[in-house]
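Structure assessment
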Amino acid sequence: MDDAEDRRLGAIAPDISRISVSLLRRVVGLYPEERIPEEALRTADEVLAEYGTDGLRVLVMSLTGWAAVEIEKDADTSGRTVEALLDDMDLTRLETNPDG
């Protein structure tokens, strides 16, 4: 990233971080689970409309940061390696989409 891009993304980061936490509040424990992607897509569409592609980029960075920290915490708490947790996530992906 160049300085201008860094400043531009940094200016919207607090808003996008708030939106990320709001999305997570809505989807954690949501039932049926099929509604989770719907909420995520709706949020992405709202971010795109209000902040453009920069907003989507910051949204991805924000959610990736939250996920990475929580996976590391889970690994530490459970005594498993991060790789073992990610392997389980990958296995779940394969089980839910065997053709994909």
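Here, the structure is the one placed above.
Now for a quick tour of the structure. (Residues numbered from 1 in each chain as written. Predicted model: local features only at pLDDT ≥ 70, side-chain atom pairs only at ≥ 80, totals over all residues. Heavy atoms only, no water.)

Quick word on the overall build of the chain
Secondary structure summary: the chain contains 3 helices and 0 strands in total. Seen in sequence order, the chain has helices and strands lined up from the N terminus as α-α-α. In terms of principal-axis extent, the alpha carbons of the chain reach across some 40 × 30 × 25 Å. Counting every position in the chain, which comprises 100 residues, the buried fraction comes to 22%. Taking all contacts inside the chain whose residues are at least 6 apart in sequence as the whole, residues at least 24 apart take part in 54%. With an accessible surface of roughly 7,300 Å², the chain has 57% of that area assigned to carbon and sulfur atoms. On the chain, the mean spot of the 11 positive side-chain charges and the mean spot of the 23 negative ones are 6 Å from each other. (Helix = DSSP H or I, 4+ residues; strand = E, 2+ residues; numbered from the N terminus. Buried < 20%, exposed > 50% of the residue type's maximum accessible area, 1.4 Å probe, protein only. Contact = heavy atoms within 4.5 Å. Areas by Shrake-Rupley, 256 points an atom, 1.4 Å probe, with all protein chains shown as cover. Lys, Arg positive; Asp, Glu negative; His and termini not counted. Charge placed at Lys NZ, Arg CZ, Asp CG, Glu CD.)

Things to note about the packing of helix α1 (residues 3-27) against helix α2 (residues 35-78)
Across the interface, α1 lies against α2 with an axial gap of 7 Å and an inter-helix angle of 135 degrees. Classified by the interaxial angle, the pair formed by α1 and α2 is oblique. Remark: the crossing between α1 and α2 carries left-handed chirality. (Axes fitted to C-alpha atoms, helices over the stretch in contact; angles between N-to-C directions. Parallel < 35°, antiparallel > 145°, perpendicular 65-115°, else oblique. Left-handed = near helix turned anticlockwise from the far one by under 90°.)

Overview of unusual backbone geometry
Following Tyr31, the chain continues to Pro32 via a peptide bond in cis, the omega torsion being -5 degrees. Examined against the element boundaries, Pro32 turns out to sit in the loop between α1 and α2.

Let's talk about the packing of α2 against helix α3 (residues 82-96)
The contact between α2 and α3 brings their axes to 9 Å, and the two run at 115 degrees. By the angle between their axes, α2 is roughly perpendicular relative to α3. α2 and α3 meet at a crossing whose hand is right-handed. Where α2 approaches α3, its residues Ile71, Glu72, Asp74 and Ala75 are matched on the opposing element by Val82, Leu85, Leu86 and Met89.

Structural notes on the side chain of Thr43
For Thr43, the position within the fold is in helix α2. When residues no more than four places from it in sequence are discounted, the contact partners of Thr43 are Ile19, Leu23 and Arg26.

Let's talk about the nonpolar core
Leu9, Ile12, Ile16, Ile19, Val47, Tyr51, Val58 and Leu59 together form the largest nonpolar core, which totals 8 residues. Contributing elements (two or more residues each) for this core: α1 and α2. Leave out the neighbours within four places in its chain, and Ile16 touches Val47, Tyr51, Gly55, Val58, Leu59 and Ser62. (Core = buried A, V, L, I, M, F, W, Y, C linked by side-chain atoms within 4.5 Å.)

Description of the environment of Asp90
Tracing the backbone through its elements, the reader meets Asp90 in helix α3. Along the chain, Asp90 and Gly79 lie 11 residues apart, while their C-alpha atoms are 19 Å from each other.

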